[in-house]
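# Structural description and commentary
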Amino acid sequence: MSITDVALGAQVRAIRLAERTSPEAAAALALPLFMRVGPRLPVRDGDRAVHESARRSLLRVRGRDVIAYEWGSGPDTILLVHGWRGRASQFAPIVRELRAEGFRLVAFDVPANGESAGRRTDVRDWLAAIEALQSREGRFHAVIGHSFGAMASAAAIRNGASAGALVAIAGMADARYLVDSFAARLGVGTATADALADRFARRILSHLDDPWPRFDSVAHPLPERMPLLVVHDRGDREVAVDEAIRLHAAHGARSRLVLTEGAGHSRILGADPALDAVTAFVTHGPAGVDALGATSAETTRTT
């Protein structure tokens, strides 16, 4: 066991001990752990060629420089949004597929992730980066978000970002899931989870009286008639598949749900059924996904 593992175990024990007397005290101890970014994700060998072929530029996001990436030169631009402790290079399989279809693709690494400098980040950086790229690029043909990036993308669209469609891969239906699942992993109760949610909101989103609805895609779906593709693995250990089902159900007939087996939380970005569904969706909309027919994934249409 590493020193880091020992230290983490000691933090968790301290949080559980504090909860016995005060959920507020436990939440105060848990907040730094909840916001911890962790070590940077390296570029996978299989993604390196696409990563190195990107045209790079800088975005100014909340006073910091963020690395932005661009592939292809087609007339329609697709935005790729990575997740927590993620990076743009994870989308390499999707970039290969969609560039071959004639799309131009753009992405970014938020601060403290990928090649962007910094030691801290939070959802405000995702929203600001999306806004900065929107200002530079104009309307997106589609936005494809993974995990935390899917949730942030949905929030950005509901807040005015202009896009023709959204693809949510391994994403959660609302941000409160992040707090509740984190509390469950810590082994603490509902009172501590509530206190942590309140403390996080006051630290990060103090300008909003009640920030959580802004990140709830079930209570507040995407703009009317915007199509949605939800892709999730049944065995995802990071975000439960129930979140995908909730997100899909909240959007009715304009949503398609593709469930894979054995791809997990991150490898799903390169899984053939996911790539087929994403390509069909961004080229032909929900009807394109319907036209795929029987695949190794389960495709669900809400009627």
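Data block above holds the structure.
Small disclaimer: the values here were computed from a predicted structure and weren't measured. (Residues numbered from 1 in each chain as written. Predicted model: local features only at pLDDT ≥ 70, side-chain atom pairs only at ≥ 80, totals over all residues. Heavy atoms only, no water.)

## Observations regarding the overall build of the protein chain
For the protein chain, the helix and strand inventory stands at eleven helices and nine strands. On C-alpha atoms alone, the protein chain measures out to a radius of gyration of 19 Å, which is about the 19 Å that the 2.2 N^0.38 rule sets for 303 residues. Per-residue burial over the protein chain gives 54% buried out of 303 residues. When contacts within the protein chain are restricted to residue pairs at least 6 apart in sequence, long-range pairs at least 24 apart make up 73% of them. For the protein chain, the computed accessible surface area is about 13400 Å², with 51% contributed by carbon and sulfur atoms. For the protein chain, the centre of its 37 positive side-chain charges and the centre of its 35 negative side-chain charges are spaced 5 Å apart. (Helix = DSSP H or I, 4+ residues; strand = E, 2+ residues; numbered from the N terminus. Rg over C-alpha atoms; globule rule 2.2 N^0.38 Å. Buried < 20%, exposed > 50% of the residue type's maximum accessible area, 1.4 Å probe, protein only. Contact = heavy atoms within 4.5 Å. Areas by Shrake-Rupley, 256 points an atom, 1.4 Å probe, with all protein chains shown as cover. Lys, Arg positive; Asp, Glu negative; His and termini not counted. Charge placed at Lys NZ, Arg CZ, Asp CG, Glu CD.)

## Let's talk about the packing of helix α4 (residues 92-100) against helix α10 (residues 272-284)
Relative orientation of the contacting elements α4 and α10 amounts to 45 degrees, with a least axis distance of 10 Å. When the axis of α4 is compared with that of α10, the two are oblique. For the pair α4 and α10, the crossing hand works out as right-handed. Every residue of α10 that contacts α4 at P93, I94, E97 and L98 is listed here: L275, V278, T279 and V282. Tallied by class, the residues present in the contact of α4 with α10 amount to six nonpolar, one polar and one charged. (Axes fitted to C-alpha atoms, helices over the stretch in contact; angles between N-to-C directions. Parallel < 35°, antiparallel > 145°, perpendicular 65-115°, else oblique. Left-handed = near helix turned anticlockwise from the far one by under 90°. Nonpolar A, V, L, I, M, F, W, Y, C, P; charged D, E, K, R; others polar.)

## Side note on the pattern of salt bridges
Scanning the model with the defined rule gives 21 salt bridges in all. The shortest N-O distance in the salt bridge between E52 and R48 comes to 3.8 Å. Note that E52 and R48 are positioned in helix α3 (residues 48-53) at a spacing of four residues, about one turn of the helix. Taking relative accessible area as the criterion, E52 reaches 54% and is therefore assigned exposed. (Salt bridge = Lys/Arg side-chain N within 4 Å of Asp/Glu carboxyl O.)

## Comments concerning the packing of helix α2 (residues 23-34) against helix α8 (residues 190-204)
Where α2 contacts α8, the two axes come as close as 8 Å, and the packing angle between them is 55 degrees. With respect to each other, α2 and α8 are oriented oblique. Taken as a pair, α2 and α8 cross one another with a handedness that is right-handed. Mapping the contact onto sequence places P23, E24, A26, A27, A28, A30, L31 and F34 in α2 and A191, T192, A195, L196, R199, F200 and R203 in α8. Here the residues of the contact of α2 with α8 are counted per class, giving eleven nonpolar, one polar and three charged.

## Structural notes on the packing of aromatic side chains
One pass over the structure, following the stated rule, counts seven aromatic pairs. Ring geometry for F200 and W212: centres 6.0 Å apart, planes at 35 degrees, overall tilted. Placement of F200 in helix α8 and of W212 in the loop between α8 and β7 (228-233) is noted, with a sequence separation of twelve residues between them. With respect to class, F200 is no different from W212; both count as buried. Clustering of aromatic rings is evident, with ring pairs tying together F34, F182, F200 and W212. (Phe/Tyr/Trp six-rings, centres within 6.5 Å; stacked < 30°, edge-to-face > 60°.)

## Brief notes about the nonpolar core
If you look at the biggest cluster of nonpolar residues, it comprises 70 residues, and the most contacted ones within it are L79 and F108. Residue contacts for L79: discarding those within four places in its chain leaves V106, A107, F108, I130, L133, F140, A142, V143 and I144. (Core = buried A, V, L, I, M, F, W, Y, C linked by side-chain atoms within 4.5 Å.)

## Some thoughts on unusual backbone geometry
Of note, S147 is a non-glycine position whose phi angle comes to about 60 degrees, a positive value. Summarising the element assignment, S147 is placed in the loop between β5 (142-146) and α6 (148-158). Residue classification places S147 among the buried positions, given a relative accessible area of 10%. Unusually for a residue other than glycine, R225 sits at a positive phi of about 75 degrees. With respect to the helices and strands, the residue R225 is situated in the loop between α8 and β7. Taking the relative accessible area as the measure of exposure, R225 reaches 67% and is therefore exposed.

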